[in-house]
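These are the residues of each chain, in order.
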There are 2 protein chains.
Amino acid sequence: MESLLLSRRDLEFLLYDWLDVEALCHAPRHADHGRETFDAALDTCERIATDLFAPHYQKADREEPRFDGTAVELIEEIGPAVRGFADAGLLAATLDYDMGGMQLPHVVASAGMAYLYAANVATAAYPVLTMGNASLLLAHGTPAQIEAFALPELQGRFLGTMCLSEPQAGSSLGDIQTRAEPDGESLLGPRYRLTGSKMWISGGDHELADTIVHLVLAKVPGADGKLPPGTRGISLFIVPRHLVDADGTVGARNDVQLAGINHKMGYRGTVNCLLAFGEGTRFRPEGRAGAIGYRVGAEGEGLAAMFHMMNEARIGVGLGATALGYTAYLHALDYARTRPQGRPLAERDPSQPQVPIIRHPDVRRMLLAQKAYVEGALAFSLYCAKLVDDASLATDDDERRRLGLLLDLLTPIAKSWPSQWCLAANDLAIQVHGGYGYTREYKVEQLYRDNRLNPIHEGAHGIQALDLLGRKVAAGGGEALALFAARVEATMVEGRATSTWCDEADALGARLARLVAVTRDLHASGDPGAMLSNATPYLEAFGHVALAWTWLGQALATSDRDDDFSRGKQQAARWFFGWELPKVDVALALLERNDGTVLSMQEAMF
Amino acid sequence: MESLLLSRRDLEFLLYDWLDVEALCHAPRHADHGRETFDAALDTCERIATDLFAPHYQKADREEPRFDGTAVELIEEIGPAVRGFADAGLLAATLDYDMGGMQLPHVVASAGMAYLYAANVATAAYPVLTMGNASLLLAHGTPAQIEAFALPELQGRFLGTMCLSEPQAGSSLGDIQTRAEPDGESLLGPRYRLTGSKMWISGGDHELADTIVHLVLAKVPGADGKLPPGTRGISLFIVPRHLVDADGTVGARNDVQLAGINHKMGYRGTVNCLLAFGEGTRFRPEGRAGAIGYRVGAEGEGLAAMFHMMNEARIGVGLGATALGYTAYLHALDYARTRPQGRPLAERDPSQPQVPIIRHPDVRRMLLAQKAYVEGALAFSLYCAKLVDDASLATDDDERRRLGLLLDLLTPIAKSWPSQWCLAANDLAIQVHGGYGYTREYKVEQLYRDNRLNPIHEGAHGIQALDLLGRKVAAGGGEALALFAARVEATMVEGRATSTWCDEADALGARLARLVAVTRDLHASGDPGAMLSNATPYLEAFGHVALAWTWLGQALATSDRDDDFSRGKQQAARWFFGWELPKVDVALALLERNDGTVLSMQEAMF
């Protein structure tokens, strides 16, 4: 049976034909690599996903993490899956050889990760968080911190978390109240005692590893004993669940305690916690309350360090959303090909046998929409992942800066578009299954529930919109947007040179021009409140333009071929241009007239 | 605390100001009624919803129906809720006094039911299914069948189900395989023995009532022993869970047996069953296998009888979807008014306290969208419910026929639009709650899951589309569509006479004209397969036009007022015209060019 996780055919088309990732091997860093090693990495990921992650996908949903008063209990399949992932060396896939890594390009590692996300996103969260955590330490930690925390994470001995939100401060990180009091120096860096509550901590407490490395945002009080207001007062701390010696030896428990488990709509296999730091009720390291933490980087630069990893984390969220939509699409396709129901309209002879539902146009409409959403999202996610490689491999400083600007610009789209449209694909996958899709016997309803987290976490949809319109498109004095426009125009030029895709190229060009113009006008208006009040339709219009570009690129990359796969790509591209791209006109029109309906809606009028 | 089920202010505006339901009291049937009795009925519904239905909403989701090998176990709160509803006389609210009814207009009873749906749609399903069942028997049953089955249902002693689908036949009812063999005559009508499986039976097995009255579609074999193909061979049968004497005495179990409980994404409090008829393994009435059933109406006319109630059932589904979206909106509004987070963009001083999130434009955008969806859907649902009254009260035969045509036409919209857009409102309600909305501590994620059923059951979304474009708009040689257009035009004329709403009236007029023209062209094309291949965008475009009309009507009904409520209605109308109505242009354009992208997508290309 063909795997229903991802289409390997599509993945290979995107990586090798469309993105030409083999060209990355011209760089010395990837000189040992080639299509063979890339394929082997994909094989490994697919195998681990199939053998260790997929089998407990539904069980982990049914049997949620529980706290028995002493420890968090997870189903027994999660540990071996995480260990299998670590043992295959995948935690360090993109890292240097001398860190035990494989020096795989980020884009190839991302393609591999998509298998894990598709198989079991909740179990994948444990290694993914750990990789993000370790990467941050590699970039900002001292050698001693890397030795004591990052290396054991990369070996899978420790797992990691990111502790940003608090119950009263989610999107508004400047309002965090966790306090870090200086507590002397140590081999692991300046030491502090932390007190406060952290909310929504995925992987926050469990027994899967020797310890858990929490990366915690907190504020150091000023001379007046008060916490500095706003984001500038935030520092970053390593707060391990257990005390850890400089040589990595794990000791007694630190003063970090589970205060509650969140019971979620989906993503249930990932234990999500409220953590209490510094309560001193159960654990009192060195005899007193206060969670011991080691500062990473300079005081007040915690948020910058955390956001250093944000592009990759957000592209990762988008990729996860993509994978959840993608596997649901493949399940729906499989169901539609095998489930008999009804007859074609033109030949409604009830004495004839029923036909597979894929023969009904409305089912094909739903499948084609899913295909356009999920394959488009995968293409765009991998495009952005390759930008990470391009930027890090660029030998020219200015080129690296430009690639960084472009990546920054596209990151809100990479995060939000799949979170919105691959969720829509999940919804359609349920609909294709009819009543069966609404039951927990089929996976599609769980895939929907799991994916519903993605527009919320790692910067909610509306936050991505503010980031894109308020900061990213204006970055470099408009250079970022110009870089994007230049890439779109290059594809348009290519499209206009064909007889088949010139209309689509023109249609895309018209929207790009309006998008660029409205961006300029909005920023020229000088009223940030009014400008940003329609940021979300702006984000969504931008996203559709970017995805239309991605589809035009895929169509052009297959335009000289006539196999079924290529014709399917072209049909999906045509569908996206005919059924989806025109939707942006509504958003562009309201942005152009600076529609004030939302802004003038008063509280009392609801 | 204000109830978060529905806005009574809105309900009263719609009923009394917009629909003028008091005018129905001029009809002799409702002569005893007036605003006072209508209000009392709404009060009763709200009280029962609040006291008996809402409190176990989340518990019924957590503790699903279970089969212990002997009986289906429901949580203990469901029985008293159903009894409380019955004891208040609500099962017969719209029926004649001599049936123990209240002779309430259908539209007022519907408004009352919306409270029950909002409070606990899964528990409400038990009485709702019973009312539909009893209504069908009142219309098509013999006096003896009514006496033995319908009257006990209306008293709440028996509960009812509808048994249509089978595991291999959902949307394609012509393919049912349940067999009914003649078994003589009886006081309760022609008797049969039924064998077969019925799937998706809500309320299919439980101990809430003395018995359960199953209304079952089955086929009577021909002389050759084979079942006739297609829908024309379908007959309708009463198959009680227990044998019932003509005097209503409940006897031994009939040969109807639970074969499985479906575990659903939501709607979990409603036990949903696979039922086996005629297996003869546990129950053998009169000593042999075969479920005893009594035919209702003539042989071969079962589907027509079942569909007799379909308009009301489908408007009921739409109303339920509306209520689920509506209460979620009120919860999101309440949350947004009380949850502090962040600061306005224009005054980002981190030393100032955080503000309630309703002050952020993007949150207001989400609330305004929800308001436009749910209040629009409630208005449209009640409009259609009033058409049921208007048609049944019409003294002129031709007027009744015309009202029936209009109601038939609008029913697919009444079912599908709220199922799609109030579900979208549920999604936004989750988003407003942020991470909290993703947890089961708040109701919004359950409201989403419950509502996700509505685009599937009682005729899936795509089936509604085929019904609308394939049959309804062509009914009466185009008369149905002309009747709708005339009503829309009347509102447009009113709008054009104002300075405030003339643009909106024109915008609506332009879309209506295109919709009418494209309907004519599609039907003139003569190729039903091609015509219907884009039926779903047609349904969705039609729905948005109908809802824009509803919003224009609400705006005009408040246009001479300047209170917050009225200004809110006007703002929501403006938002719908600016942000939603233009979306139909994409669908209209693809219908006008008879877009063949879906039709030409081949199976192998996926």
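Conventions we followed
- Residues numbered from 1 in each chain as written.
- Chains lettered and ligands numbered in written order.
- Predicted model: local features only at pLDDT ≥ 70, side-chain atom pairs only at ≥ 80, totals over all residues.
- Heavy atoms only, no water.
- Disulfide = S-S within 2.5 Å.
- Buried < 20%, exposed > 50% of the residue type's maximum accessible area, 1.4 Å probe, protein only.
- Least-squares fit on C-alpha atoms with pLDDT ≥ 70 in both.
- Contact = heavy atoms within 4.5 Å.
- UniProt positions renumbered as here; feature names shortened; annotations may be inferred.
- Helix = DSSP H or I, 4+ residues; strand = E, 2+ residues; numbered from the N terminus.
- Expected span 1.5 Å × (residues − 1).
- Phe/Tyr/Trp six-rings, centres within 6.5 Å; stacked < 30°, edge-to-face > 60°.
- Core = buried A, V, L, I, M, F, W, Y, C linked by side-chain atoms within 4.5 Å.
- Salt bridge = Lys/Arg side-chain N within 4 Å of Asp/Glu carboxyl O.
- Axes fitted to C-alpha atoms, helices over the stretch in contact; angles between N-to-C directions.
- Parallel < 35°, antiparallel > 145°, perpendicular 65-115°, else oblique.
- Nonpolar A, V, L, I, M, F, W, Y, C, P; charged D, E, K, R; others polar.
- Buried area = accessible area lost by both parts, 1.4 Å probe.
- Polar contact = N/O pair within 3.5 Å; in protein donor to acceptor, adjacent residues only side chain to side chain.
- Left-handed = near helix turned anticlockwise from the far one by under 90°.

Attention shifts here to the state of the cysteines. Residues and elements named next belong to chain A. Within the structure shown, the criterion is met by zero disulfides over all chains. Counting only cysteine sulfurs, Cys25 is the nearest neighbor of Cys45, a cysteine outside any disulfide, at a range of 16 Å. Accessibility expressed as a relative area gives 5% for Cys45, which makes it buried. This cysteine, Cys273, is not joined by any disulfide, and Cys163 carries the nearest cysteine sulfur, 9.3 Å off. By relative accessible area, which is 0% here, Cys273 ends up buried.

Quick look at the relation of the copies chain A and chain B now. Rotating chain A by 180° about the axis while translating it 0.0 Å along that axis superimposes it on chain B, leaving an RMSD of 0.0 Å. Seen this way, the second copy is the image of the first under a two-fold rotation axis. Distance from the rotation axis, computed per C-alpha, reaches its smallest value in chain A at Lys583 of chain A: 3.3 Å. A symmetric contact is evident, with 100% of the interface residues of chain A recurring at the interface of chain B.

When the UniProt feature table is mapped to this numbering, "domain: Acyl-CoA dehydrogenase/oxidase N-terminal" (unreviewed entry) covers residues 39-149 of chain A. Taken end to end, residues 39-149 of chain A is 66% helix and 4% strand, and its two terminal C-alpha atoms sit 31 Å from one another.

Residues of helix α18 (residues 584-592) of chain A that are buried: Val584, Val586, Ala587, Leu588, Leu590 and Leu591 of chain A. The secondary structure elements touched by the buried residues of α18 of chain A are α14 (502-524), α16 (535-557) and α17 (564-580) of chain A together with α17 (564-580) of chain B. Positive backbone phi, at 45°, marks Asn594 of chain A, one or two positions downstream of α18 of chain A.

The end-to-end C-alpha distance of helix α16 (residues 535-557) of chain B is 33 Å, a good match for the 33 Å that 23 residues give at a rise of 1.5 Å each. Burial runs high along α16 of chain B: 21 of the 23 residues are buried.

All names here are of chain A. Checked against the element boundaries, Tyr115 lands in helix α5 (residues 106-140). For the pair Tyr115 and Ile176, spaced 61 residues apart in sequence, the C-alpha separation works out to 36 Å. Sequence-distant contacts of Tyr115, that is, excluding residues within four places in its chain, are made with Leu5, Leu6, Arg8, Leu11, Leu42, Cys45, Glu46 and Ala49.

Now for the UniProt feature "domain: Acetyl-CoA dehydrogenase-like C-terminal" (unreviewed entry) in chain A. As annotated by UniProt and renumbered to match this structure, "domain: Acetyl-CoA dehydrogenase-like C-terminal" (unreviewed entry) occupies residues 484-602 of chain A. Segment residues 484-602 of chain A splits into 76% helix and 0% strand. End C-alpha atoms: 37 Å apart.

Scanning all chains against the criterion turns up 39 aromatic pairs over all chains. An angle of 85° between the planes, with centres 5.7 Å apart, marks the rings of Tyr335 of chain B and Tyr442 of chain B as edge-to-face. Residue Tyr335 of chain B is found in helix α8 (residues 310-338), and its partner Tyr442 of chain B is found in the loop between α10 (397-433) and α11 (444-451); the two are separated by 107 residues along the sequence. Look at Tyr335 of chain B and you get buried, because its relative accessible area is 8%. Given the relative accessible area of 29%, Tyr442 of chain B is considered partly exposed. Three or more aromatic residues link up through ring pairs in this structure, and these residues are Trp18, Tyr383, Phe484, Tyr538, Phe542 and Trp549 of chain A.

Among the nonpolar cores identified, the biggest contains 314 residues, and Phe484 and Phe542 of chain A together with Phe484 and Phe542 of chain B are the most heavily contacted of them. Excluding its chain neighbours within four sequence positions, the residues that come into contact with Phe542 of chain B are Leu409, Leu410, Ile413, Leu468, Val473, Leu481, Phe484 and Leu515 of chain B. Counting residues in hydrophobic clusters, the runner-up holds 33 residues, among them Leu95, Leu188, Leu243 and Ile292 of chain B.

So, on to the environment of Phe53 of chain A. All names here are of chain A. For Phe53, the position within the fold is in helix α2 (residues 35-53). Linking Phe53 and Ile78, residues 25 residues apart in sequence, is a C-alpha distance of 7.9 Å. If we skip the residues at most four places from it in the chain, Phe53 touches Ile48, Ala81, Phe85, Leu116, Ala119, Asn120, Thr123 and Ala124.

Our focus in this paragraph is the pattern of salt bridges. Residue and element names in this part refer to chain B. Overall, the coordinates contain 95 salt bridges over all chains when judged by the stated rule. We note a salt bridge from Arg401 to Glu479, for which the minimum N-O separation is 3.0 Å. One end of the pair, Arg401, is in helix α10; the other, Glu479, is in helix α13 (residues 479-496), with 78 residues separating them in the sequence. Using a relative accessible area of 40% as the deciding quantity, one classes Arg401 as partly exposed. The class for Glu479 is partly exposed, based on a relative accessible area of 24%.

All right, on to the packing of helix α10 (residues 397-433) of chain A against α16 of chain A then. For any two helices packed against each other, the geometry comes down to the angle between their axes and how far apart the axes lie. Residue and element names in this part refer to chain A. α16 packs onto α10 with a crossing angle of 90° between their chain directions and a minimal axis gap of 9 Å. Between α10 and α16, the angle falls in the class roughly perpendicular. Residue-level contacts link Leu409, Leu410, Pro412, Ile413, Ser416, Trp417, Gln420 and Trp421 of α10 to Leu539, Glu540, Phe542, Gly543, His544, Ala546 and Leu547 of α16. Here the contact of α10 with α16 is composed, by residue class, of ten nonpolar, four polar and one charged.

What follows covers the interface of chain A and chain B. Between chain A and chain B, the residue contacts involve 91 residues of the former and 91 residues of the latter. Carbon and sulfur atoms make up 60% of the area that chain A and chain B hide from each other, which totals about 7,800 Å². Of all residues in chain A, Tyr438, Trp579 and Phe606 of chain A give up the largest surface area on contact with chain B, accounting jointly for 12% of the area buried on that side. In this assembly, chain A and chain B are joined by six salt bridges. In this structure, the salt-bridge partner of Arg452 of chain B is Asp427 of chain A, at a minimum N-O distance of 2.7 Å. Across the chain A-chain B interface, the total number found is 56 residue pairs in polar contact (both at pLDDT 80 or more). The element best represented in the side of chain A that touches chain B is α17 of chain A, accounting for eight residues.

Residues and elements named next belong to chain B. It is at 11 Å that the axes of helix α1 (residues 8-18) and helix α9 (residues 361-393) come closest, and there the two elements cross at 40°. As the angle between them shows, α1 and α9 are arranged oblique. Crossing hand, α1 versus α9: right-handed. Each of Asp10, Leu11, Leu14, Leu15 and Trp18 in α1 lies in contact with α9, whose residues at this interface are Glu375, Leu378, Ala379, Leu382 and Tyr383. Along the lines of polarity and charge, the residues of the contact of α1 with α9 split into eight nonpolar, no polar and two charged.

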